[in-house]
Amino acid sequence: MQIKKGSLDFSLLRKKAEDETEAMVGFLRDLIALPSPSGRERDVALRIREEMDRIGFDEAFIDDYGSVIGRIGKGSPRLVFDGHIDTVGVADLSAWSFDPFKGKVEDGYVCGRGASDNKAAPVVQIYGLKVLKELVGGNFPCTVYIVGSVQEEACDGLALGHAIQHSIKEKVDAVVLGECTGCAIYRGHRGRMEIMVSTAGISSHASAPERGDNAIYKMAPIIKEVEALNVNLKDDPFLGKGTIAVTKVECDTDSINCIPYACRIYLDRRLTTGEDRELALRQIRELSSASDAGVKVLRFAEPSYTGKVLDVEKYYPTWVLPEEHRLVQDARGAYLALFGCEPKIGKWTFSTNGVSSMGRLGISTIGFGPGEERFAHTNQDKCPIEDLRTACAFYAALPLFVSK
Ligand SMILES: [Zn+2]
């Protein structure tokens, strides 16, 4: 027998999500208490696999790059629910009003590093599947993989792309990202890339600069041109404007009293609709003062905690799923059935693993996550407990709407 969404009582599903509140808060606090900056996610991956096993996932494993992957159900369609399990670090403990690794519960929030970005995602996704499994028993409507991906803060999309292409041995039809959306449905964001521009000079004694060729002076007009370029980049009514900014300057010189023989600047480029890698590089190479400069995309080749290296360019493509797309509308249908009102539909300001699932691999992708983007990466990192219930119910309902 196939369970149809029409025969399901969505208030019961919501009630069951509510009943998991204490368990979800406890699980999120456990994850917060296991610090997991990018490259050190082993403990948190093991804890998540343990929870998947306890709940009775059909399989749960850690892949060669260190991401934790669990599956419930079989057959088409095949969904991936992704939440990254690494966090940014804590540079200055004294700037926090609470211990970032305690998971303090206060005023309806769970507080701690990663509470909003993005440890609440695996919590609501895993408990969403638990709720659905308990309701439908053996009649799980489709295949759902949950990926707790590593290294997202260091290189968005890398671990999720690897999991989809190499660790999950089946074709994936759609991806839902648990990055914080405040329980709205998000359908895209600007892409980005990291670029280095280099100029070469000739060193001489600084007391006779005319004998050398100052690499910093060669870079100065390029910096001014980059600043001007930013004003003229493409705009898009949904994603906003493309941007470029110089974010770091460095030079090589043998001493303060030598003329520098090399200079490098680093550029953060945000790419809106219609902007891609080739366009962004061409715009720099065509700057009138950059004809002799080197221009290249930086690479990411840091090992994950398993020691595996995936050497990739730091180019993260723009992606947008149209509002009328079936996946967006299925998600909207699930939200409406659960809560009786229209969900907000929007986009992220920051970048997510969608750069690989949809930007590179072309798999339809949306986002729905507990927590608000404005608390991510701040010393007020926290997630509303109400959002845990809402998102748990959403992830329980969504598989019924995506499978027809
Ligand atoms: Zn994130």
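Given the structure is predicted, the values throughout are model-derived calculations rather than measurements.

Peer 1: Sorry if this is basic, but what is going on with unusual backbone geometry here?
Peer 2: Glycine aside, a negative phi is what most residues show, and trans is what most peptide bonds show. For the peptide bond that leads from S76 to P77, omega is -10 degrees, which places it in the cis range. Assignment of secondary structure puts P77 in the loop between β2 (68-72) and β3 (78-84). The amide bond that connects D117 to the next residue, N118, takes the cis arrangement and shows omega of 15 degrees. By the element assignment, N118 lies in helix α4 (residues 115-136). Of note in this structure, D107 is not a glycine but carries a positive phi near 50 degrees. Mapping D107 onto the fold places it in the loop between β4 (104-106) and β5 (109-111). Residues other than glycine seldom take positive phi values, yet C183 does so here, at roughly 60 degrees. Along the chain, C183 falls in the loop between β7 (174-177) and β8 (185-186).

Peer 1: What exactly am I supposed to notice about the nonpolar core here?
Peer 2: Considering soluble globular proteins, one finds that nonpolar side chains tend to be buried as a cluster. In this structure, L28, V123, V124, C392, F394 and A397 are the most contacted members of the largest nonpolar core, which totals 102 residues. Element by element, the count of residues in this core is highest for helix α10 (residues 385-402), at 13 residues. Viewed by domain, this core spans two of them, domain 1 (5-189 + 318-402) and domain 2 (191-300), each represented by three or more residues. Leave out the neighbours within four places in its chain, and V123 touches M24, F27, L28, L31 and L388.

Peer 1: Is there a simple way to explain the packing of helix α1 (residues 10-19) against α10 in this structure?
Peer 2: For any two helices packed against each other, one specifies the inter-axial angle together with the distance between the axes. One can describe the packing of α1 onto α10 by two numbers: an axis separation of 8 Å at closest approach and a directional angle of 130 degrees. With respect to their mutual orientation, α1 and α10 come out oblique. Every pair of crossing elements has a handedness; the one defined by α1 and α10 is right-handed. Along its contact with α1, which presents F10, L13, R14, A17 and E18, the element α10 presents R389, C392, A393, A396 and A397. The class makeup of the residues in the contact of α1 with α10 is seven nonpolar, no polar and three charged.

Cut-offs used in this document
Residues numbered from 1 in each chain as written. Predicted model: local features only at pLDDT ≥ 70, side-chain atom pairs only at ≥ 80, totals over all residues. Helix = DSSP H or I, 4+ residues; strand = E, 2+ residues; numbered from the N terminus. Core = buried A, V, L, I, M, F, W, Y, C linked by C-beta atoms within 7 Å. Buried ≥ 20, exposed ≤ 12 C-beta atoms within 10 Å, placed from the backbone. Domains from an automatic or database assignment. Contact = placed C-beta atoms within 7 Å. Axes fitted to C-alpha atoms, helices over the stretch in contact; angles between N-to-C directions. Parallel < 35°, antiparallel > 145°, perpendicular 65-115°, else oblique. Left-handed = near helix turned anticlockwise from the far one by under 90°. Nonpolar A, V, L, I, M, F, W, Y, C, P; charged D, E, K, R; others polar.

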